[in-house]
Amino acid sequence: MTSSPRPARPGRRGQPRPQPDPTRDIAFDILCGVVEHRRMLDTSLSRATETHKADPRDRAAAHRLAAATLRHLGTLRAVLEPFLRKEPPEPVRVALMMGCAQLLYLETPPHAAVGTTVSLLRRRGLAPFAGLANAVLRKVATEMGALLEGLDQPRLDIPQWLWSSWATMGPKVPRAIATGLSHEAPLDITLRPGVAVPEGGVLLPNGSVRFPAGTRVTELPGYEQGDFWVQDAAATLPARLLGAREGEHVADLCAAPGGKTAQLALTGATVTAVENNPARMPRLLENISRLGLTAQAIQADATSWQPPAPLDAVLLDAPCSATGTARRHPDVLWVKRPRDLAGLAATQDRLLAAARDMLRPGGRLVYAVCSLQEEEGPARARAAEAMGLEPMPFTEEELAFLPEARTREGWLRTHPGLWADKGGMDGFFAARFTRKG
């Protein structure tokens, strides 16, 4: 005999106790972490996952909801403003923005977007604001077609300081970047030589293979066999432009997760991958192992590590603000501040000086950052010259497949507005040098 399910215990005023909703609970915690505490999305996701014990599907859905909200944060604030007579507490605003994002960008049915937001507030001890959420989100659902009219969404969704800083690349560049950031990034993979393009993939001019956003890489044939690895098209360029050759001794500094290490190892060079962060080492080692590569991985601070003998080439993909990766990590737009750049630039200079000292006379160095900021790109290239490194510009032939990314100085500068018809790319800066004899 099967017993009947026990009815939900009533909440306040006779309302049923809201049922658990791991997806929205995790997304809410992520967003509060970013908006209130300037905590990076991945850090908040890790904390929220431990709290809510969600399965992988719920975690993925939560990440998608949080990312969509962050991608359109400025627009969502503007949409909500006419409906709010008083400023609600920040967690309530976060919940409202989540509800709006579901309605406006994720095609969630109105009853689900409204109901889950109301339930979320009740679960989080914010029941007095449940009526406000119900009223506001119903109005948003009713007026969806008109709410976005006249709003300059690309401009609203980028903090002012970033928009102004990107204008150094050209007056039209900030809008191109913002438009590129408004869409979820596709999945790019790098194939081992001789591996056929997996079904559904599109071959890009640089040799990367692109799949639609949301593609699960682990489900692609050949993943377990080590036929490829995940790597944005722009991220392939620094290692490619280093020009490592068979028999050379090369270091990949700040190497995790290992995509550039893999590129270098496949040239036949002897590669040492140096990574300082112990939390990132397992991913680096896992990728080297899955791909069946020969490369030495060392956990060490690259500013003090010394190779046993001078190196032929060094790839330095330095820690940075990562504003170029905002398609995948929209939280960086709202977490990073202008004052962060000075500390990052100081670290980058220390790494540049250390990398210079690792090289033999005539050895090559490629400095790269996944940043769109002047302070971390061109300014650091000029600092490298002041350290005695000699510029070795990238040639037109080397960047024939992406000529718009080559600067007058012969540097590489990509951004999310490039290849707009193909789905965009991350933002990278790279410059190449040699050590004088």
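Quick caveat, the model's predicted, so the values are computed rather than measured.

Moving on: the overall build of the protein. Counting its secondary structure elements, the protein contains 17 helices and twelve strands. Computed over C-alpha atoms, the radius of gyration of the protein comes to 24 Å, within 12% of the 22 Å expected from 2.2 N^0.38 for 437 residues, which places it in the range of a compact globule. With the principal axes as the frame, the protein shows a C-alpha extent of 80 × 60 × 40 Å. Every one of the 437 residues in the protein was classed for burial, and the buried ones make up 51%.

With that settled, consider the sheet that holds strand β2 (residues 202-203). One open sheet holds the four strands; their spatial order is β2-β3-β1-β4, and the pairing between them is antiparallel. Looking at the sheet topology across the chains shown, the edges are occupied by β2 and β4 (228-230). Of the strand pairs in this sheet, strand β1 (residues 187-191) and strand β3 (residues 209-211) are connected by three bridges, and their pairing is antiparallel. When the bridges of β3 are listed, Ile189 appears paired with Val209.

Quick look at the packing of aromatic side chains now. Applying the stated criterion to the full structure yields two aromatic pairs. With a centroid separation of 6.2 Å and 50° between ring planes, the pair formed by Tyr223 and Phe228 is classed as tilted. In terms of burial, Tyr223 and Phe228 fall into one category: buried. Between Trp411 and Phe429 the ring centres are 5.5 Å apart and the planes differ by 65°, which places this aromatic pair in the edge-to-face class. On the criterion of sequence distance, the pair formed by Trp411 in the loop between β10 (389-391) and β11 (412-413) and Phe429 in strand β12 (residues 429-435) is long-range, its members being 18 residues apart. Residue Trp411 is classed as buried on the basis of its relative accessible area, which comes to 10%. Here the guanidinium or amino end of Arg77 rests over the ring plane of Trp334, the centre of that ring lying 5.7 Å away. Sitting above the plane of the Tyr223 ring, Arg290 keeps its charged end 4.1 Å from the centroid.

Counting through the fold element by element, Thr323 comes out in the loop between β8 (311-317) and α15 (332-335). Thr323 gets classed as buried once you look at its relative accessible area, which sits at 0%. At 2.9 Å, the side chain of Thr323 and the backbone nitrogen of Leu372 are in polar contact. Those residues within four positions of Thr323 in sequence are excluded, and the remaining contacts are Leu162, Val332, Cys370, Ser371, Leu372 and Gln373.

Mapped onto the fold, Phe129 is located in the loop between α6 (110-123) and α7 (130-142). Distance from Phe129 to Val118, taken between C-alpha atoms, is 8.2 Å for residues eleven residues apart in sequence. Once residues within four sequence positions are removed from consideration, Phe129 is found in contact with Pro89, Val92 and Leu121.

Our focus in this paragraph is helix α5 (residues 90-104). Here α5 contains 15 residues, and its C-alpha end-to-end distance of 21 Å stays within 8% of the 21 Å for a straight helix at 1.5 Å per residue. Along α5, 13 of the 15 residues are buried, which leaves the element largely enclosed by surrounding structure.

So, on to the nonpolar core. Core analysis: the largest hydrophobic core is formed by 69 residues, its most contacted members being Leu253, Val314, Leu316 and Leu365. Looking at this core, the element that brings in the most residues is strand β9 (residues 359-369), giving six residues. Ignoring anything within four residues of it in the chain, the contact list for Leu253 reads Val274, Ala302, Trp305, Val314, Leu315, Leu316, Asp317, Ala355 and Met358. In this structure, Leu84, Leu147, Ile177 and Ala326 belong to the second largest nonpolar core, which totals 60 residues.

Rules of the game
Residues numbered from 1 in each chain as written. Predicted model: local features only at pLDDT ≥ 70, side-chain atom pairs only at ≥ 80, totals over all residues. Heavy atoms only, no water. Helix = DSSP H or I, 4+ residues; strand = E, 2+ residues; numbered from the N terminus. Rg over C-alpha atoms; globule rule 2.2 N^0.38 Å. Buried < 20%, exposed > 50% of the residue type's maximum accessible area, 1.4 Å probe, protein only. Pairing = 2+ DSSP bridges. Phe/Tyr/Trp six-rings, centres within 6.5 Å; stacked < 30°, edge-to-face > 60°. Lys NZ or Arg CZ within 6 Å of the ring centre and 35° of its normal. Polar contact = N/O pair within 3.5 Å; in protein donor to acceptor, adjacent residues only side chain to side chain. Contact = heavy atoms within 4.5 Å. Expected span 1.5 Å × (residues − 1). Core = buried A, V, L, I, M, F, W, Y, C linked by side-chain atoms within 4.5 Å.

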